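# Fold and contact review
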Amino acid sequence: GAGEQSGPLPPLAERVLSRHALVLVSSGAGTFTDPAGTHPVTAPAWIWLEPGTPHSYGPDAHGWTEHWVLFEGVGARTYRSHSGIGDGHVLRRGGPEPAERAEIFAALHRAGTVPGRRAQLHASSLVHRLLGALLGDAEEDPQRTSVTRTVLATATEDLSVAQRAALSGVGVDEFRAQIRRATGLTPHEFVLTTRLSRAQELLARSDLPIWQVAAEVGIDDASYFTRLFTRRIGVAPRTFRHEQRRDRAVTSET
């Protein structure tokens, strides 16, 4: 689900979610409370809510504007490991630019009104964009494992698992174990997920031909890239690009 609301809203009573949620506060101020204490919130800010952990939040007497989306899946763990933000709820300043935020949430609202697997896949791609925009500016954690950093930095290169492990400074078995703990994926799946995430961004944001998008993410065979993208994302690259541009056009009109 996804939604938004504005004004002097009543504080949200303590609750526990069964899935992940992102709450973006685009204007106003208030507080957020979790087991670690009560924290001030001043826009622009976003809150990553973890399932199973009690929390509450709300604006001050002047109100605020919030946007929210609920999601689940192993990808959530992958994004958290990429940004080094650890476990539990996360409260950070910042967020996507206003135009991008409006575009993503408008498209999420439309996707939520359409039944079927295709709409779900479209919504999933939008959540990927939102997470990418939010986490792209997250501060680097100096204690974060070098393994996920290495995979992210070399995902487009044609390297074996042994080569990636060597670049990370660990053995192959430890490399596999750290990737599994951080992302829930095998190294091969992690590389594919990273490549396809970058491909979605290139398709949405550039006019590069499909073969060049494939090459940019480390796949030399454009036909294989198209089959892989279609199987994993649910639509062909050209269709994905068309839908992203249509969503931006509708958002700009509204």
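For the structure, check the block above.
Residues numbered from 1 in each chain as written. Predicted model: local features only at pLDDT ≥ 70, side-chain atom pairs only at ≥ 80, totals over all residues. Heavy atoms only, no water.

## Concerning the overall build of the protein
Note the cut-off: Under the DSSP-based scheme used, a helix requires at least four consecutive residues in state H or I and a strand at least two consecutive residues in state E, with every element numbered from the N terminus. When accessible area is computed with a 1.4 Å probe and restricted to protein chains, residues below 20% of their type maximum are described as buried, those above 50% as exposed, and intermediate ones as partly exposed. A contact between two residues is defined here by any heavy atoms of the two lying within 4.5 Å.
On a plain count of helices and strands, the protein comes out with 10 helices and 7 strands. Expressed as a percentage of its 254 residues, the buried residues of the protein come to 44%. Of the contacts formed within the protein by residues at least 6 apart in sequence, a portion of 71% connects residues at least 24 apart.

## Here we look at the side chain of E50
Quick reminder of the rule: The term polar contact refers here to a pair of N or O atoms within 3.5 Å; inside protein, the definition further demands a hydrogen-donor-capable atom paired with an acceptor-capable atom, and it admits residues adjacent in sequence only when both atoms are side-chain atoms.
Mapping E50 onto the fold places it in the loop between strand 5 (45–49) and strand 6 (55–71). On the accessibility criterion, E50 (14% relative accessible area) is buried. At a separation of 2.9 Å, a polar atom in the side chain of E50 contacts the side chain of H20. In this structure the side chain of E50 is engaged in a polar contact, spanning 3.2 Å, whose partner is the side chain of W48.

## Regarding helix 7 (residues 187–205)
Quick note on the threshold: One less than the number of residues in a helix, times 1.5 Å, gives the span that helix is expected to have.
The first and last C-alpha atoms of helix 7 sit 27 Å apart over 19 residues, in line with the 27 Å expected at 1.5 Å per residue. Listed in full, the buried residues belonging to helix 7 are P187, F190, V191, L192, T194, R195, L196, A199, Q200, L203 and A204.

## A word on the packing of helix 5 (residues 161–168) against helix 6 (residues 172–183)
The following threshold applies: Here the axes come from fitting lines to C-alpha atoms, over the contacting stretch only for helices, and the angles between their N-to-C directions go from 0 to 180 degrees. Orientation categories follow fixed angle ranges, with anything under 35 degrees roughly parallel, anything over 145 roughly antiparallel, 65 to 115 roughly perpendicular, and all other angles oblique. Amino acids are sorted into nonpolar (Ala, Val, Leu, Ile, Met, Phe, Trp, Tyr, Cys and Pro), charged (Asp, Glu, Lys and Arg) and polar (every other residue, Gly among them).
Contact geometry for helix 5 and helix 6: axes closest at 9 Å, N-to-C directions at 85 degrees. Judged by the inter-axis angle, helix 5 sits roughly perpendicular to helix 6. Along the contact surface, helix 5 presents V161, A162, R164, A165 and S168, while helix 6 presents V172, F175 and R176. Its residues placed into classes, the contact of helix 5 with helix 6 shows 5 nonpolar, 1 polar and 2 charged.

## Some points on the packing of helix 7 against helix 9 (residues 222–233)
Across the interface, helix 7 lies against helix 9 with an axial gap of 11 Å and an inter-helix angle of 95 degrees. Taken together, the axes of helix 7 and helix 9 are roughly perpendicular relative to one another. From helix 7, E189, L192, L196, A199, Q200 and L203 reach across to helix 9, where they touch F225, L228, F229, R232 and I233. In terms of residue class, the contact of helix 7 with helix 9 is built from 8 nonpolar, 1 polar and 2 charged.

## Some points on helix 6
Note the threshold: When we speak of the arc, we mean the arc of directions from the helix axis to the C-beta atoms.
If you check helix 6, its first and last C-alpha atoms are 16 Å apart, about what 12 residues at 1.5 Å a residue would give, namely 16 Å. Among the residues of helix 6, F175, Q178, I179, A182 and T183 are the ones counted as buried. One side of helix 6 holds all its buried residues, which, seen down the axis, span an arc of 100 degrees. Looking at helix 6, the residues exposed on the side facing more than 90 degrees away from the buried face are D173 and R181. Taken from the residues just after helix 6, G184 is the one with a positive phi, measuring 80 degrees.

## Notes on the environment of P54
As for its position among the elements, P54 is in the loop between strand 5 and strand 6. The exposure class of P54 is partly exposed, given its relative accessible area of 28%. Separated by 21 residues in the primary sequence, P54 and T33 have C-alpha atoms spaced 8.6 Å apart.

## Topic: the nonpolar core
Rule in force here: By nonpolar core is meant a set of buried Ala, Val, Leu, Ile, Met, Phe, Trp, Tyr and Cys residues that side-chain atoms within 4.5 Å join together.
Judged by nonpolar contacts, the single largest core of 15 residues is most densely connected at A199, L203, I219, F225, F229 and F240. Where this core is concerned, the elements lending two or more residues are helix 7, helix 8 (210–216) and helix 9. If we ignore the near neighbours within four places in the chain, the residues touching F229 are L196, A199, Q200, L203, G234, V235, A236, P237 and F240.

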